[in-house]
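Listed here are the chains, written in short residue letters.
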Amino acid sequence: MAAITAAMVGELRAKTDAPMMECKKALTEADGDMGRAEEILRVKLGGKASKASARVTAEGVVATYISGNVGAIVEVNSETDFVAKNDEFLAMVNLAAKLVAENNPLDVAALAALPHDGKTFDDVRTALIGKIGENMTVRRFQRFETTGKLASYLHGTRIGVIVDFEGSDEQVGKDLAMHIAAMKPVSLSSEQVPAEMIEKERSVAQLKAKEDADAAVAAGKPVQSDEIVAKRIEGSIQKYLKEVSLLNQAFVKNDKQSIEQYLKASNTTVKGFTMYVVGEGIEKKVDDFAAEVAAQMAANKQ
């Protein structure tokens, strides 16, 4: 059997970026054949990635990329917050944003197939999964190409915003992006708020009105007429629409002024925006540590 030297391990690690012990094992299995060891690592790292793929990724990072009038925002998830702070993971996410902006992939699968330094983006992702041992998935992205301007804001790495706007003042775009990250509007105007969200808010208002009526009856107080109740419900809906639509929100830097008024004073028009919050809508697994330990002990006894 060929002797496996530190230099050989270092050379294989430089080629594959795999963990040192994995490189040594692969070289031992390949009897020192560097080419065969590379193939062994590809199989092993791929297998490791496949095993990880079933695990929930609710942590992660949002990244943005802007070059001229083209930009992108992307969310890439990981299993733990620890990995979300890893420099190599962050570099991979930034690469994803750049590739989206430059190549305009149709979907996540198309992004995965994009070339980078002789590999595909998915090769980069899979190799990093093998190296770190934790699942990583590209969840979503949005690309912008505009005749106007783009501005972005990142609140740490967990909230990201890109705004497409027209106006001469670059600072207005940055202020808008920051405002959106802070106030989290769901649409540009009240007319664009999704119907299902309005109906959900209406149901809440109707339930509150019923509770108030039941409480009045129990206290022997007069119950409001259907007309008054309907007006109260409609008032609640209108208040909600102002709270969740960007143009109607009070500007975070000056609550005496609405965003619509701020834009008018700045001679600026917002064409659209996208905001991502890491893990939003993902059901995160809650581990029962005691049960997990018990299961491991039972498995060890078998």
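Anyway, here's the lowdown on the structure attached to this text. (Residues numbered from 1 in each chain as written. Predicted model: local features only at pLDDT ≥ 70, side-chain atom pairs only at ≥ 80, totals over all residues. Heavy atoms only, no water.)

### Observations concerning the overall build of the protein chain
Next up, step 1: When its secondary structure is counted, the protein chain shows 12 helices and 10 strands.
Next up, step 2: Counting all 302 residues of the protein chain, 39% fall into the buried class.
Next up, step 3: Here the contacts in the protein chain between residues at least 6 apart in sequence split such that 64% fall between residues at least 24 apart.
Next up, step 4: For the protein chain, the exposed area adds up to about 17100 Å²; of that, 54% sits on carbon and sulfur atoms. (Helix = DSSP H or I, 4+ residues; strand = E, 2+ residues; numbered from the N terminus. Buried < 20%, exposed > 50% of the residue type's maximum accessible area, 1.4 Å probe, protein only. Contact = heavy atoms within 4.5 Å. Areas by Shrake-Rupley, 256 points an atom, 1.4 Å probe, with all protein chains shown as cover.)

### A closer look at the pattern of salt bridges
Next up, step 1: Scanning all chains against the criterion turns up 19 salt bridges.
Next up, step 2: When the shortest N-O distance is used, the salt bridge between Arg 139 and Glu 75 registers 3.3 Å. Here Glu 75 lies in strand β2 (residues 70-78) and Arg 139 lies in strand β5 (residues 136-145), a separation of 64 residues in the sequence.
Next up, step 3: On the accessibility criterion, Glu 75 (0% relative accessible area) is buried.
Next up, step 4: Of the charged contacts, one joins Asp 212 and Arg 232 as a salt bridge, the two residues approaching to 2.9 Å between their closest N and O atoms. Linking Asp 212 in helix α9 (residues 195-218) with Arg 232 in helix α10 (residues 226-244), this pair joins segments that are 20 residues apart in sequence.
Next up, step 5: Judged by relative accessible area, Asp 212 falls into the partly exposed class, the value being 27%.
Next up, step 6: Through salt bridges that share partners, Glu 75, Arg 139, Arg 140 and Glu 280 make up one connected network. (Salt bridge = Lys/Arg side-chain N within 4 Å of Asp/Glu carboxyl O.)

### Re the packing of aromatic side chains
Next up, step 1: Under the counting rule described, the total for this entry stands at 1 aromatic pair.
Next up, step 2: Residues Phe 251 and Tyr 262 carry aromatic rings whose centres are separated by 4.2 Å and whose planes lie at 20° to one another, so their mutual orientation is stacked. Placement of the pair is Phe 251 in strand β8 (residues 250-251) and Tyr 262 in helix α11 (residues 259-265), with a sequence separation of 11 residues.
Next up, step 3: Looking at Tyr 262, the relative accessible area reads 10%, which means it is buried. (Phe/Tyr/Trp six-rings, centres within 6.5 Å; stacked < 30°, edge-to-face > 60°.)

### A look at unusual backbone geometry
Apart from glycine, the bulk of residues carry a negative phi angle, and the bulk of peptide bonds sit in the trans form.
Next up, step 1: Located in the positive-phi region is Asn 104, a residue other than glycine, with phi close to 50°.
Next up, step 2: At Asn 267, a residue that is not glycine, the phi angle is positive and equals roughly 55°.
Next up, step 3: On the basis of relative accessibility, which here comes to 67%, the residue Asn 267 falls in the exposed class.

### Some remarks on helix α7 (residues 121-132)
Count 3.6 residues to each turn of an α-helix, and residues three or four apart come out pointing the same way.
Next up, step 1: Spanning 12 residues, α7 covers 17 Å between terminal C-alpha atoms, matching the ideal 16 Å at 1.5 Å per step.
Next up, step 2: Trailing α7 by a residue or two, Gly 133 shows a phi angle of about 85°, which is positive. (Expected span 1.5 Å × (residues − 1).)

### Observations concerning the sheet that holds strand β6 (residues 149-155)
Next up, step 1: Taken in spatial order, the 3 strands of this open sheet run β6-β7-β10, and their pairing is antiparallel. Of all strands in the sheet, those bounded by a partner on one side alone are β6 and β10 (269-277). Taken pair by pair, the neighbouring strands of this sheet meet at an average axis angle of 15°, ignoring direction.
Next up, step 2: Here 7 bridges tie β6 to strand β7 (residues 159-166), and the two strands are oriented antiparallel to one another. When the bridges of β7 are listed, Ala 151 appears paired with Val 163.
Next up, step 3: Across the sheet, helix α8 (residues 170-183) is in contact with β6, β7 and β10; its angle to β7 comes to roughly 140°. (Pairing = 2+ DSSP bridges. Axes fitted to C-alpha atoms, helices over the stretch in contact; angles between N-to-C directions.)

### Topic: the nonpolar core
Next up, step 1: One finds Val 74, Phe 89, Leu 111 and Phe 121 to be the most contacted residues of the largest nonpolar core, which totals 25 residues.
Next up, step 2: Broken down by secondary-structure element, the contributors of at least two residues to this core are β1 (59-67), β2, α4 (81-84), α5 (87-103), α7 and β5.
Next up, step 3: At 9 residues, α5 tops the list of elements feeding residues into this core.
Next up, step 4: Those residues within four positions of Leu 111 in sequence are excluded, and the remaining contacts are Ala 96, Leu 99, Val 100, Pro 105, Phe 121, Val 138 and Phe 141.
Next up, step 5: Counting residues in each nonpolar core, the second largest holds 21 residues, with Ile 159, Phe 165, Phe 251 and Phe 273 among its members. (Core = buried A, V, L, I, M, F, W, Y, C linked by side-chain atoms within 4.5 Å.)

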